[in-house]
Number of protein chains: 2
Amino acid sequence: MHVLISGAAGMIGRKFTAAIASTGTLGGETVTELTLADTMEPEQPDGFSGEVTSLALDISDPQAAARLLSGRPDVIIHLAAIVSGEAEQDFDKGYRINLDGTRYLFEAVRHQSASANYCPRLVFASSVAVFGAPVPDEIDDEFLTAPLTSYGTQKAICELLLQDYTRRGFFDGLAIRLPTICIRPGRPNAAASGFFSSILREPLVGKPAILPVPDTVRHWHASPRAAVGFLVRAATMDTGPVGPRRVLNMPGVSATVAEQIEALRTVAGDAAVALIRREPSPEIMRIVSTWPRGFAADRAIALGFRAESSFEEIIRIHIEDEMGGEL
Amino acid sequence: MHVLISGAAGMIGRKFTAAIASTGTLGGETVTELTLADTMEPEQPDGFSGEVTSLALDISDPQAAARLLSGRPDVIIHLAAIVSGEAEQDFDKGYRINLDGTRYLFEAVRHQSASANYCPRLVFASSVAVFGAPVPDEIDDEFLTAPLTSYGTQKAICELLLQDYTRRGFFDGLAIRLPTICIRPGRPNAAASGFFSSILREPLVGKPAILPVPDTVRHWHASPRAAVGFLVRAATMDTGPVGPRRVLNMPGVSATVAEQIEALRTVAGDAAVALIRREPSPEIMRIVSTWPRGFAADRAIALGFRAESSFEEIIRIHIEDEMGGEL
């Protein structure tokens, strides 16, 4: 099996690549070849004995998709995107990369599929940003997409394209709407959602963190490990039972900030909690208030997608995967 | 007020143009200038004393939008599209005209809005084809778009773009999802929905018509006159109360084919009904079975959009508007 990963140098891309490299398989099938692409050349994964092609390219270059597909990958994991903050700040860049780049990729697959017996699995990482307030406490599988950001708009458009290209038989697509990934490893970043991770990640290593919203804010979370599991499932499952609606809300944990903090207290004690400093930001609160609070992800669960069952589990996974299992 | 109409030579475009020409106004405001565009040069409307520019152009030509906007219209009515059957048959043409053409127009407005104090009203004619089975008997204002045609996909994508461009302040957009327009004047056409009109229009003038589906088929209808009314309302209403969700399911009449036929009997008698010949088409039935059957169009009704209240009314409007008021 040949697997192509766009956005392979990102956090999820690296973890997904590492998961393949560590076993040499994807969903039980042997992976003989990896094509890894990003704006900077992705690193060669440790311990993978198959062939690896690393490409530095810009997916908004109309010629890039042909390079991605030259090895006719069996599975395409399309993660490449600019994030929500940047897509909001730079309108043209957001549409060029998140929409046009995706469409170039889809078109390149279509043209290959027309010329030969080719219909790869294509997994697109979408986002709960396709939803916008007002939303119910639990968004079900038939709720409208009404994004309030350009990023969410671009993701929702790509979902529609993916379903049409799949219906036409150009590829076998699945779009998975990822929860906010928590705890994101690495340094604090500028994303409006960054505090959901930093109020846990920083205190776990004895560092202070800033909480810009009230404790009552509720949001939808899954661990990086769960996100990799979603991608593996989407890449390898039988799509027959999915039907023409190829977009799935992923399962997750709905938790308030207060519940996040209590989970931190359980795992790491009062001293860790004391490192969280409240510094309200009306600007971040305004953005966060438009986001989903929870989902009834019935279809995805019925199709075998699994997330954590508590916030404590999310924190323990971070300790296992990022801190060598030790506090 | 300067009004631009793309797709002005189509059935709805001509009726909307005629409505403006007959009074010289739109929503009470004087229209001093009309720009009419289509693939073939639209006819000059009768009785309009303002300036008229008729343009023959292809909206999928990246240069066309600049010509459309050169007079900086205050109101843009974007009707231009290829129909569902053609978009399904010719994948490239459908995306080129229905998606890229619309995006070129939106982009041209954005670039004008950036360079000067310009934020026109932009009304986009969308369609209930954005919905696909399974659907509830009454689709509400929060139901997901899951189109089962490329045409429906293209309309749903343009809706998303319109909302993002509106949120950004590039124009003041509204997308209205039109019911199946019934009774369409003119000759029978090849559209899968054509029979909804022809089983009434043909018997009303003593001609036979073919019914390819069972009497139990239920669908969502509004008259051409109602469609013009929707466009007038969307072009002139205060959009303040609409909020960021700029896509509205238009009201209509939910009727079974049996109810359509009984309305025909009431208006035109048994002799007219006897002209309908049943010739089941599994292919048309397959397509129609994926379409919406009815809506709870609460938002649109609250915002002042009005359709007919019975199918009999739809037939009487056809007799008034297309047959000089005489059977």
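I will try to describe carefully the structure that is included in this document. Keep in mind that this is a model prediction, so the values were computed, not measured. (Residues numbered from 1 in each chain as written. Chains lettered and ligands numbered in written order. Predicted model: local features only at pLDDT ≥ 70, side-chain atom pairs only at ≥ 80, totals over all residues. Heavy atoms only, no water.)

Some words on the pattern of salt bridges
All names here are of chain B.
Consideration 1: Across all of its chains, the model carries 46 salt bridges over all chains by this definition.
Consideration 2: For Arg121, the salt bridge is made with Asp172, and the minimal N-O distance between the two is 3.0 Å. You can see Arg121 sitting in strand β7 (residues 121-127) and its partner Asp172 sitting in strand β8 (residues 172-178), a full 51 residues away along the chain. Of the two residues, Arg121 and Asp172, neither departs from the other in class, the shared state being buried.
Consideration 3: Here Glu142 ties to Arg245 by a salt bridge, and the two come within 3.6 Å at their closest N and O atoms. (Salt bridge = Lys/Arg side-chain N within 4 Å of Asp/Glu carboxyl O. Helix = DSSP H or I, 4+ residues; strand = E, 2+ residues; numbered from the N terminus. Buried < 20%, exposed > 50% of the residue type's maximum accessible area, 1.4 Å probe, protein only.)

Things to note about unusual backbone geometry
All names here are of chain A.
Consideration 1: Residue Pro134 follows Ala133 across a cis peptide bond; omega there is -5 degrees.
Consideration 2: Checked against the element boundaries, Pro134 lands in the loop between β7 (121-127) and α5 (150-167).
Consideration 3: One non-glycine residue, Arg72, lies in the positive phi region at around 45 degrees.
Consideration 4: Turning to its location among the elements, Arg72 is positioned in the loop between α2 (64-69) and β6 (75-78).

Here's the deal with the relation of the copies chain B and chain A
Consideration 1: Screw-axis analysis of chain B against chain A gives a translation of 0.0 Å along the axis, an RMSD of 0.0 Å, and a rotation angle of 180 degrees. Read as a symmetry element, the transformation amounts to a two-fold axis. For chain B, the minimum C-alpha distance to the rotation axis belongs to Leu144(B) and amounts to 2.0 Å.
Consideration 2: Looking at the interface residues of chain B, 100% of them are also at the interface in chain A, so both copies use one shared face. (Least-squares fit on C-alpha atoms with pLDDT ≥ 70 in both. Contact = heavy atoms within 4.5 Å.)

Observations concerning the sheet that holds strand β8 (residues 172-178) of chain A
Residue and element names in this part refer to chain A.
Consideration 1: With respect to topology, seven strands assemble into an open sheet ordered β5-β4-β1-β6-β7-β8-β12, the strand pairing being parallel. The open sheet terminates on both sides in strands that have one partner only, identified here as β5 (51-56) and β12 (247-249). Across the sheet, the axes of successive neighbouring strands diverge by a mean angle of 15 degrees, strand direction being ignored.
Consideration 2: The pairing of β7 with β8 spans seven bridges and is classified as parallel. Looking at β8, one finds that Phe124 is bridged to Ala175.
Consideration 3: Sheet contacts for helix α1 (residues 11-23): β1 (2-6), β4 (33-38) and β6; angle to β1, the most-contacted strand, approximately 160 degrees. (Pairing = 2+ DSSP bridges. Axes fitted to C-alpha atoms, helices over the stretch in contact; angles between N-to-C directions.)

Thoughts on helix α7 (residues 224-236) of chain B
Consideration 1: Counted at 1.5 Å a residue, the expected span for α7(B) with its 13 residues is 18 Å, and the 19 Å between its end C-alpha atoms agrees.
Consideration 2: Residues of α7(B) that are buried: Pro224(B), Ala226(B), Ala227(B), Val228(B), Phe230(B), Leu231(B), Ala234(B) and Ala235(B). (Expected span 1.5 Å × (residues − 1).)

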